[in-house]
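Notes for the structure review
Each chain is listed here by its residues.
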Amino acid sequence: MNVLYFAWVRERIGLPREEIDTSAATVADLVEELKGREERYAVAFSDLSALRVAIDQELSDFDAKLEGVREVAFFPPMTGG
Amino acid sequence: MRVAIQAGPFDPGRESAVFASGRKDVGAIVTFTGVVRDTGDASLEAMEIEHYPGMTEAAVTAIAQEAQDRWSLADVLVIHRHGRLVTGDMIMMVATAARHRKDAFEAAEYLMDYLKSRAPFWKREVTAEGASWVDARDEDEDALSRW
């Protein structure tokens, strides 16, 4: 699955996207898996209330299931306009 | 309906004229242009706007479509830039055309409120003291509840 990071999430993790082989059932499970990998992930995902998630380019939430999903993106609240 | 997500500048006068031309059933056109302004305490060197290619176009199109479904509109235009901008640069514009002004005004405000918090753009301010990501404001999230 493609995992994308934007804004300060991208900066803290240190890359804009990566291919991740995971059997995580939900977004929250994927986050826990990533946090266990390395400190930079633990730092980026330390406060989930400050993060938003998109699944296959649609806004979603951390309880969402990942079965059949191709792309997950993590980013801070949006500041367009 | 036209949605343009672009790095390059746009000419709001020309865009407004093109948007308004050749319409017979429209009594009201509202346009809004967002401009990069100086920050309060430190002089802004640049405003960098990151976005999520692919999702940005889809999200903005969905927001514009929702506006068309909610109000009686003849047309909608949304232009939003990304990349590095400086003070005075125009970041984005929306235009709405309707038979009556109430639809045009309300739909334009709706578009602005949703583009601010539901389109995947992230602003980063660069000043002499360094760069920092612009935090989303509670007021912007609260603004959505009135719709």
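These numbers were taken from a predicted model, which means no experiment stands behind them.

This part takes up the overall build of chain B. Helix and strand counts for chain B come out as 4 helices and 8 strands. Counting from the amino terminus, chain B carries its helices and strands in the arrangement β-α-β-β-α-β-β-β-α-β-β-α. For chain B, the C-alpha radius of gyration of 16 Å lies close to 15 Å, the compact-globule estimate for 147 residues. Summarising its shape, the C-alpha atoms of chain B cover approximately 50 × 35 × 30 Å along the three principal directions. Entry remark: accessible area of chain B is about 7,400 Å², with carbon and sulfur atoms responsible for 47%. For chain B, the distance from the average position of its 17 positive side-chain charges to the average position of its 25 negative side-chain charges is 7 Å.

The subject of this paragraph is the pattern of salt bridges. Pairing between side chains becomes possible if they bear opposite charge and their charged atoms approach one another. One pass over the structure, following the stated rule, counts 16 salt bridges over all chains. Of the charged contacts, one joins A:Glu18 and A:Arg37 as a salt bridge, the two residues approaching to 3.4 Å between their closest N and O atoms. Of this pair, A:Glu18 sits in strand β2 (residues 17-19) while A:Arg37 sits in helix α2 (residues 27-37); the two residues are 19 residues apart in sequence, bridging distant segments of the chain. Its relative accessible area of 14% is what places A:Glu18 among the buried residues. Here A:Arg37 falls in the partly exposed class, since its relative accessible area comes to 43%. Of the charged contacts, one joins B:Asp113 and B:Arg146 as a salt bridge, the two residues approaching to 3.0 Å between their closest N and O atoms. Note that B:Asp113 is positioned in helix α3 (residues 101-118) and B:Arg146 in the segment after α4 (138-143), a separation of 33 residues in sequence. Of the residues examined, B:Arg146 reaches a relative accessible area of 47% and is grouped as partly exposed.

Formed by 35 residues in total, the largest nonpolar core has its most connected members in A:Tyr5, A:Val27, A:Leu30, A:Phe45, A:Leu66, A:Phe74 and B:Tyr52. Those elements that place two or more of their residues in this core are β1 (2-5), α1 (7-13), α2, α3 (39-44), β3 (52-55) and β5 (71-75) of chain A. Residues B:Val30, B:Val36, B:Ile49 and B:Leu115 belong to the second largest nonpolar core, which totals 31 residues.

Let us now look at the pairing of strand β3 (residues 44-51) of chain B. Residue and element names in this part refer to chain B. The buried count for β3 comes to 6 of 8 residues, which makes it a mostly enclosed element. Looking at chain direction, β3 and strand β7 (residues 121-127) are connected through 7 bridges and run antiparallel. Each residue of the ladder has a partner; that of Leu-44, found in β7, is Thr-127. Across 3 bridges, the pairing between β3 and strand β5 (residues 83-85) is antiparallel. By the bridge assignment, Ile-49 is partnered in β5 with Gly-83.

Residue and element names in this part refer to chain B. With antiparallel pairing, the 4 strands of this open sheet are ordered in space as β5-β3-β7-β8. Each edge of the sheet is formed by a strand with only one pairing partner; in this case those strands are β5 and β8 (130-133). On average, adjacent strands in this sheet sit at an angle of 25° to one another, irrespective of strand direction.

A few words on the interface of chain A and chain B. Taken together, the 20 residues of chain A in the interface contact 24 residues of chain B. Interface of chain A and chain B: buried area, both sides summed, is about 1,800 Å²; carbon and sulfur atoms make up 59% of it. On the chain A side of the interface with chain B, the three residues burying the most area are A:Met78, A:Thr79 and A:Gly81, jointly 39% of the side's total. Connecting chain A to chain B are 2 salt bridges. B:Arg124 is the partner of A:Glu11 in a salt bridge, and the nearest nitrogen-oxygen pair spans 3.5 Å.

Calculation criteria
Residues numbered from 1 in each chain as written. Chains lettered and ligands numbered in written order. Predicted model: local features only at pLDDT ≥ 70, side-chain atom pairs only at ≥ 80, totals over all residues. Heavy atoms only, no water. Helix = DSSP H or I, 4+ residues; strand = E, 2+ residues; numbered from the N terminus. Rg over C-alpha atoms; globule rule 2.2 N^0.38 Å. Areas by Shrake-Rupley, 256 points an atom, 1.4 Å probe, with all protein chains shown as cover. Lys, Arg positive; Asp, Glu negative; His and termini not counted. Charge placed at Lys NZ, Arg CZ, Asp CG, Glu CD. Salt bridge = Lys/Arg side-chain N within 4 Å of Asp/Glu carboxyl O. Buried < 20%, exposed > 50% of the residue type's maximum accessible area, 1.4 Å probe, protein only. Core = buried A, V, L, I, M, F, W, Y, C linked by side-chain atoms within 4.5 Å. Pairing = 2+ DSSP bridges. Axes fitted to C-alpha atoms, helices over the stretch in contact; angles between N-to-C directions. Contact = heavy atoms within 4.5 Å. Buried area = accessible area lost by both parts, 1.4 Å probe.

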